Amino acid sequence: MMSERLQRFAAGRRLARRRRRGGLLALVGLLGAGACGDRSQTVLTVLAASSLTDAFGVLERRFEGEHPGTDVVMIHAGSQVLRVQLEHGAPGDVFASANAEHMQAVMAAGRVAQEHPFARGGLALVVPPDNPAGIESLEQLPRASRVVLGVPEVPVGRYTQALLEQADRYYNNHSGLQGGGLQGGSLQGGSFRAQVQERVVSLEPNVRLVLAKVELGEADAAIVYRSDVTSARAVTMIPIPASLDVAAEYHVGILVDSEHPHVARQWVELLGSSPGQAVLQEHGFVSLDDR
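Just so we're clear, the structure is a prediction, and the values are computed from it rather than from any experiment.

The rules behind these values
- Residues numbered from 1 in each chain as written.
- Predicted model: local features only at pLDDT ≥ 70, side-chain atom pairs only at ≥ 80, totals over all residues.
- Heavy atoms only, no water.
- Pairing = 2+ DSSP bridges.
- Helix = DSSP H or I, 4+ residues; strand = E, 2+ residues; numbered from the N terminus.
- Axes fitted to C-alpha atoms, helices over the stretch in contact; angles between N-to-C directions.
- Patch = residues over 30% accessible without salt bridge, like charges linked within 9 Å, V, L, I, M, F, W, Y side chains within 5 Å.
- Areas by Shrake-Rupley, 256 points an atom, 1.4 Å probe, with all protein chains shown as cover.
- Salt bridge = Lys/Arg side-chain N within 4 Å of Asp/Glu carboxyl O.
- Buried < 20%, exposed > 50% of the residue type's maximum accessible area, 1.4 Å probe, protein only.
- Parallel < 35°, antiparallel > 145°, perpendicular 65-115°, else oblique.
- Left-handed = near helix turned anticlockwise from the far one by under 90°.
- Contact = heavy atoms within 4.5 Å.
- Nonpolar A, V, L, I, M, F, W, Y, C, P; charged D, E, K, R; others polar.
- Core = buried A, V, L, I, M, F, W, Y, C linked by side-chain atoms within 4.5 Å.

*Asks:* Describe in detail the sheet that holds strand S12 (residues 248-255), supporting the description with residues and values.
*Replies:* Across the sheet, which stays open at both edges, the 5 strands sit in the order S2-S1-S3-S12-S4 with mixed pairing between neighbours. Two strands lie at the open edges of the sheet, namely strand S2 (70-77) and strand S4 (112-121), each paired on one side alone. Ignoring which end each strand starts from, the neighbouring axes of this sheet average 20° apart. In terms of strand pairing, strand S1 (residues 42-49) meets S2 through 8 bridges, oriented parallel. Bridged to Thr45 within S2 is Val73.

Below you can see the structure in the form of structure tokens.
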């Protein structure tokens, strides 16, 4: 016969299972209610890289104003996260990636048939307003005690690694790290890239989380897209030398199983239009024509 303690334990487990089941049913009900809401309204789902959040927010409001009855739903995450979701069948209408590689992977999975670039961006070094490490240029990045970068799997992380490789080659030949700052002479204490990597305290899965570490005072420096700094208030931007900067190219494609391909095409056309390009440029992106 089951002891009183075991009976209480078993009863507790049954109650917990019922609560979990009830929670799942409630969630399914909410999702179903959302999906079965106003059927006269067209819902356009856009999966876009995190760095497009602000610019696409402006374009979302413009598009909805010009297309009454259309609700644009934005899903922002790191391009690699969106890629995996799409590879596993996530529904949607448009995919906008921060690089060509993740777009090509989605095409290989049969989710997008055609794609094209629509904007370019560059990188920037950001520090807190009080700049505790006293960094005034990229070559002084090794002065930081706490550096935050994107993980190599996300576009900003890959672009950052390419930037560090280029800077490593240049500074190894032209400068030296002495006393916590770069001065003329040979490098002391290892290469530029190695010294930066030694100071990395966090690798984040998308650029917005990289930027947040600096905004919250949890990092002395980080590398993000210039377009992300336009909306940031609690950071100071330090430009990357043009000779070392890495161009990020953004690509967009319509999902082959989009429920609203005509509306999706109109969204893509907005990105390439003069008004769309103007919004992107206001948020730090560069027109593909400006090469």
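Moving on from the coordinates now.
*Asks:* Break down a nonpolar patch on the surface for me, with residues and values.
*Replies:* The grouping of Val43, Val73 and Ile75 at the surface amounts to a nonpolar patch, some 170 Å² of accessible area in total. Within the element layout of this structure, Ile75 appears in strand S2. Accessibility expressed as a relative area gives 32% for Ile75, which makes it partly exposed.

*Asks:* A description of the pairing of strand S5 (residues 123-127) should follow, citing residues and the corresponding values.
*Replies:* For a regular strand, side-chain orientation follows a simple rule: the groups alternate between the two sheet faces. Among the 5 residues that make up S5, 5 are buried, leaving the element largely enclosed by the rest of the structure. Taking every second residue as pointing to the same face, both faces of S5 are buried, with Leu123, Leu125 and Val127 on one and Ala124 and Val126 on the other. As paired elements, S5 and strand S10 (residues 221-225) share 4 bridges and run antiparallel to each other. If you follow Ala124 over to S10, its bridge partner there is Val224.

*Asks:* How would you summarise the packing of helix H2 (residues 53-66) against helix H9 (residues 261-272) if you had to cite specific residues and measurements?
*Replies:* In contact at an axis separation of 11 Å, H2 and H9 are set at 125° when each is read in the N-to-C sense. Our classification of the angle between H2 and H9 gives oblique. As H2 runs across H9, the sense of the crossing is right-handed. For the pair H2 and H9, the contacting residues are Phe56, Leu59, Glu60, Arg62 and Phe63 in the first and Val263, Gln266, Trp267, Leu270 and Leu271 in the second. A breakdown of the residues in the contact of H2 with H9 according to their chemical character gives 7 nonpolar, 1 polar and 2 charged.

*Asks:* For the packing of helix H3 (residues 79-87) against helix H4 (residues 100-108), give the residues involved together with the corresponding values.
*Replies:* Running from N to C, H3 and H4 cross one another at 0°; their axes reach a closest spacing of 9 Å. Judged on the interaxial angle alone, H4 and H3 are roughly parallel. Packed against H3, whose contacting residues are Ser79, Gln80, Arg83, Leu86 and Glu87, the element H4 presents His102, Ala105 and Val106 at the interface. Within the contact of H3 with H4, the residues separate by chemical class into 3 nonpolar, 3 polar and 2 charged.

*Asks:* Provide a residue-level description of the nonpolar core, including the pertinent values.
*Replies:* Phe56, Phe118, Leu141 and Trp267 are the most contacted members of the largest nonpolar core, which has 68 residues in total. Counting 9 residues, the second largest nonpolar core, distinct from the first, contains Leu47, Ala77, Val106 and Leu255.

*Asks:* Describe the environment of Gly89, with residues and values.
*Replies:* Along the chain, the position of Gly89 falls in the loop between H3 and strand S3 (94-97). Taking the C-alpha atoms as reference points, Gly89 and Ala109, separated by 20 residues in sequence, lie 9.5 Å from one another.

*Asks:* Explain the sheet that holds S10 residue by residue, including any values.
*Replies:* As summarised here, the arrangement of the 5 strands in space is S9-S6-S10-S5-S11, forming an open sheet in which the pairing is mixed. Sheet topology places strand S9 (200-204) and strand S11 (236-239) at the edges, where each strand pairs with a single neighbour. Direction aside, the axes of adjacent strands within the sheet are offset by 30° on average. Relative to S9, strand S6 (residues 147-150) is paired through 4 bridges, and the arrangement is parallel. In the sheet register, Gly150 faces S9, and the bridge partner there is Glu204. Across the sheet, helix H5 (residues 155-174) lies against S5, S6 and S10, angled at about 115° from S10, the strand it touches most. Its contacts with the sheet put helix H7 (residues 207-215) on S5, S6, S9 and S10, and the angle it makes with S10 is roughly 145°.

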